[in-house]
Amino acid sequence: MKFLENHTVNMLRRSLSYFLPYKLLIVASFAALGVVALSTAGAAYLVQPALDEIFIKKDATSLVIVPFLLVAVFLAKGLGLFVQKFLMSYCGTKVLEQLRYELFAKIICLPMDFFGETRVGMLMSRIISDVNLISASLPELIRLIQHSLTMVGLIGLVLYRDMQLAFWACLVFPLAVYPVIYFGRKLRKIGRKYQSELADISSHLQESFNGLRVVKAFASEEYEKNKFRHVSNNLARIGIKGKMYNQLSSPIMELIGAVGAGLVIWYGGSQVIAGNRTPGEFFSFMTALIMLYDPFKSISQANNTIQQAMAGAERVFEILDSAELVEETGGTIEYTPPFTVLSFERVSFSYPGAPEPALKGIDLTINAGERIALVGQSGAGKTTFAHLVPRFHDCTEGVIRLNGRPLRDYTLASLRTNIGIVSQDPFLFNLSVRDNIAYGQPGTDQILVEQAAKAAYAHDFIMELPQGYDTVVGEKGVKLSGGQKQRLTIARAIMKNPTLLILDEATSALDTESERIVQQALDNLMKGRTSIVIAHRLSTVLSADRIIVMRNGEIVSQGTNEQLLQTCPLYTKLYTLQFEGQK
C-alpha cells in the first residue's frame, strides 16, 4: 500500500514538473484562489447582518450597505474564478502541447524493432488520449487547493460564530474521508483499464481503415463490425463502472453532509428557541456550513479526476522514462561523399523473438560504382541485408564498414541522407506532388523538382493532374496508380542525390507497361551511383556487375549471370523457373 502511495506521489510530481515553466501564472492563479476563498467566506458572513440588521431590526443604513457589499463580494469571487480558470486552462493547454511533442519526439526516434512489436493504434492513444488526462492534473489539483482554501475560510467563520455548533458540524467529517480514499483508488484502477481498452479501439480502427481493401475484398464488413462492437462494448462496460464510482461519491458525501447539518439544526435550533442565539447568527452559521460541505464534495470529485489523470500518466511516462526504450543513436562523425567501399564482415542478425537468425555470417564487399543484385527465395534475408545499411536494424554480430569506418561511427542523419531507398511499397504523404518529391528538403526550387520528375518519367502525368505539381495525392497516394506512385518515389530519391542506392523489389508490384517505364526511371537513378538491387524478377538484374545468391540468411554464391548459370544450382533453378515459363 505504501508503495502505491509513493508511486502516486511520484507520478503526480512528475506530471506537475511540466507546469514549472508557468510558475508565475500559477502564482497568479493561487492569488485569485485566495480572493475566491475570502469572497465565499464573506458571502456567508453577510447573512447575519442581512437577517438581524435589516429584517429584524429594520435598519435603513444596513439596507443600503449590505446589498452593496454582497454585490462586491460576488463580483470579486466571479473575477477571481475567471482569472483562476483561464490561467489554469492556458497552462494545461501548453503542457498538453509539450507532452504530446515529447512523446511523439521519443517515439519517432525509437528503433524500427520497437514498431515491429507495438501496435500503432496504441501509440496514437497514448499521444492523444493519455496526454489529455495528464494536462488535467494541475487544474484539478488547483481546484482541490481552491476548495481547501475555501474550507479553511469557512471553517474559520464557523469557529468564529459558534465553537459548540462547529463541534456538531465537524463530528461527521472523519466519515467523509473514507469515501474520498476508497473511490479514488477504484477510479485509478478503472482508469488504467479504460485507457488500455481505448488503445485497443484505436488499434482496431487503424488496422481496419488501412486494410479496407482487404476487408471489402473478403466481404468481411460484418466480421469487422462484430469485432469493433466487442472492443467498444468492453470500453463502454469499463466506462460505466467508472461513472458509477464517480457518481456514487457525490450522494454519499451529500448524505454525510446531511447528517452533519441535521445535528447542527437540532442543536442550533434549540439554542435559538432558548434565546441563546439570534436567528441571524444561526443562519449565518448554517450558510457557512452549507457552503463548507460543497467544497468538501468538490474535493472528492477533484481527487477522482486526479486519480484518473495518474492512470494516464503511468502509460505516458512508461514510454518517456523507460530505460528499455532507447532512442536511436549514431556516432559523431559526419559521413560525406564520395562513396568508396561498403563491407560486411561476418555479419549476423536476429529479429527479437525469432527462433533462427535472419542473416548468418555475411562477408561481402561492394565497391564504388558497382551494381549489386540480391536474389533468392522469399525469406532468404535480402531485405534484412538491405535494412542493415541505413541502420534500420543493427547487426547482432560482426561489423559493417562504410569507407573503412564502422556504420556506428557516423551520425544517423548524415548516413541516411546519403542513402536512397526505393521499395516495392511506395509510400506517399497526403501532401502535394511537389512536397512529396521534395520531402526532407523544404524550400527546394521548383526547377529542381521538375528536373527530378522528368528524370523519373513522371513530369508528363503530373502535368495532367488537376493542379499539376500542387495536386494533393491523398493518403498513401490513393489518387495515383501504382506506377505513378513509384515514379514519384524515384523522383524523391533523385532529389536526394544519394551516393548509395537501395532498390527493394521496386518493380515487383507493377504491370508490364508500368514496369518498363519505371525501369527506365530506375536506370536514370542508378547512373553513376553504387546500387544494391533486390529483385524477384531476374530480368531486371541480368546486367548487374555481380549477382549475390542468398538462401536461409547466407550467401551461397556470387558472380555474373553467365557464371552463376554454370556454377550455382539454386540460381539455375530460379532462372529456369522464371524464363522457361515465359517460352
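Below: a short report on this structure.

Pairing between strand β1 (residues 341-349) and strand β2 (residues 359-367): six bridges, direction antiparallel. Paired with Val 347 across the two strands is Ile 362, which belongs to β2. Where β1 lies against strand β4 (residues 397-402), five bridges are found, and the strand directions are antiparallel. The residue of β4 that forms the bridge with Ser 348 is Glu 397.

A few words on the packing of helix α16 (residues 446-455) against helix α18 (residues 482-496). Contact geometry for α16 and α18: axes closest at 8 Å, N-to-C directions at 125°. Relative to α18, α16 is oriented oblique. As α16 packs across α18, the resulting crossing turns out to be right-handed. Touching Leu 448, Val 449, Ala 452, Ala 453 and Ala 455 of α16 are Ala 491, Ile 494 and Met 495, all from α18. Among the residues forming the contact of α16 with α18, the class breakdown is eight nonpolar, no polar and no charged.

The peptide bond linking Pro 337 to Pro 338 adopts the cis configuration, its omega dihedral lying at 10°. Among the structural elements, Pro 338 can be located in the loop between α12 (279-320) and β1. The phi torsion at Asn 403 lies on the positive side, around 55°, for a residue other than glycine. Of note in the backbone geometry, Asn 552 takes a positive phi value of approximately 50° without being a glycine. Relative to the helices and strands, Asn 552 is located in the loop between β9 (546-551) and β10 (554-559).

The next subject is the packing of aromatic side chains. One pass over the structure, following the stated rule, counts nine aromatic pairs. Taking the centre distance of 6.5 Å and the plane angle of 90° together, the rings of Tyr 22 and Tyr 90 count as edge-to-face. Of this pair, Tyr 22 sits in the loop between α1 (2-16) and α2 (23-45) while Tyr 90 sits in helix α4 (residues 60-108); the two residues are 68 residues apart in sequence, bridging distant segments of the chain. Judged by its relative accessible area of 18%, Tyr 22 is buried. Taking the relative accessible area as the measure of exposure, Tyr 90 reaches 38% and is therefore partly exposed. Look at Phe 344 and Phe 385: their rings are 4.2 Å apart centre to centre, the planes differ by 10°, and that puts the pair in the stacked class. Taken together, the residues span a long stretch of sequence, with Phe 344 in strand β1 and Phe 385 in helix α13 (residues 382-388) at a distance of 41 residues. Of the two residues, Phe 344 and Phe 385, both sit in the buried class. Through successive ring pairs, a cluster of aromatic residues spans Phe 427, Phe 429 and Tyr 439.

Turning next to the nonpolar core. Formed by 44 residues in total, the largest nonpolar core has its most connected members in Ile 437, Ile 462, Leu 488, Ile 490 and Leu 525. Residue contributions to this core peak at six residues, all from α18. Setting aside residues no more than four positions away along its own chain, Leu 525 makes contact with Val 422, Ile 490, Ala 493, Ile 494, Leu 501 and Leu 503. In terms of nonpolar packing, the next biggest core, distinct from the first, is built from 31 residues, Leu 364, Val 389, Ile 400 and Met 550 among them.

Okay, α2 next. An ideal rise of 1.5 Å per residue puts 33 Å on 23 residues; α2 measures up with 33 Å between its terminal C-alpha atoms. Inspection of α2 places Ile 26, Ser 29, Ala 32, Leu 33, Val 36, Ala 37, Ser 39, Thr 40, Ala 41, Gly 42, Ala 43 and Ala 44 among the buried residues, and these make up the whole buried set.

Pairing is antiparallel in the open sheet, where four strands are placed in the order β2-β1-β4-β5. Pairing within the sheet leaves two strands with one partner each, and these edge strands are β2 and β5 (405-406).

Quick look at α18 now. Taking 1.5 Å as the rise per residue, α18 with 15 residues should run 21 Å; its terminal C-alpha atoms sit 21 Å apart, in good agreement. Across the 15 residues of α18, 13 count as buried, placing the element largely inside the fold. Two residues or fewer past α18, Asn 497 is found with a positive phi of approximately 55°.

Below, the discussion takes up the pattern of salt bridges. If you walk through the whole model with that rule in mind, you get nine salt bridges. Between Asp 394 and Arg 408 there is a salt bridge; the shortest N-O distance is 3.9 Å. Separated by 14 residues along the polypeptide, Asp 394 in the loop between α13 and β4 and Arg 408 in the loop between β5 and α14 (412-417) bring together distant segments of the chain. Judged by relative accessible area, which is 29%, Asp 394 ranks as partly exposed. Residue Arg 408 is classed as partly exposed on the basis of its relative accessible area of 47%.

Once that is clear, we can look at the sheet that holds strand β8 (residues 530-534). In spatial order, the strands read β6-β7-β8-β3-β9-β10; together these six strands make up an open sheet with mixed pairing. Each edge of the open sheet carries a strand with a single partner, namely β6 (419-423) and β10. Taken over all neighbouring pairs, the strand axes of this sheet differ in orientation by 15° on average, direction set aside. Here helix α21 (residues 569-579) sits on the sheet in contact with β3 (371-375), β9 and β10, set at roughly 100° to β9.

Here we come to a positive patch on the surface. Together, Lys 186, Lys 189, Lys 193, Arg 237 and Lys 241 make up a region of like positive charge exposed at the surface. Broken down by element, the residue count for the positive patch peaks at three residues, all from helix α9 (residues 173-210). Here Arg 237 is to be found in helix α11 (residues 221-273).

Procedures and definitions
- Residues numbered from 1 in each chain as written.
- Predicted model: local features only at pLDDT ≥ 70, side-chain atom pairs only at ≥ 80, totals over all residues.
- Heavy atoms only, no water.
- Pairing = 2+ DSSP bridges.
- Helix = DSSP H or I, 4+ residues; strand = E, 2+ residues; numbered from the N terminus.
- Axes fitted to C-alpha atoms, helices over the stretch in contact; angles between N-to-C directions.
- Parallel < 35°, antiparallel > 145°, perpendicular 65-115°, else oblique.
- Left-handed = near helix turned anticlockwise from the far one by under 90°.
- Contact = heavy atoms within 4.5 Å.
- Nonpolar A, V, L, I, M, F, W, Y, C, P; charged D, E, K, R; others polar.
- Phe/Tyr/Trp six-rings, centres within 6.5 Å; stacked < 30°, edge-to-face > 60°.
- Buried < 20%, exposed > 50% of the residue type's maximum accessible area, 1.4 Å probe, protein only.
- Core = buried A, V, L, I, M, F, W, Y, C linked by side-chain atoms within 4.5 Å.
- Expected span 1.5 Å × (residues − 1).
- Salt bridge = Lys/Arg side-chain N within 4 Å of Asp/Glu carboxyl O.
- Patch = residues over 30% accessible without salt bridge, like charges linked within 9 Å, V, L, I, M, F, W, Y side chains within 5 Å.
- Areas by Shrake-Rupley, 256 points an atom, 1.4 Å probe, with all protein chains shown as cover.
- Lys, Arg positive; Asp, Glu negative; His and termini not counted.
- Charge placed at Lys NZ, Arg CZ, Asp CG, Glu CD.

This is a description of form; function is not addressed.
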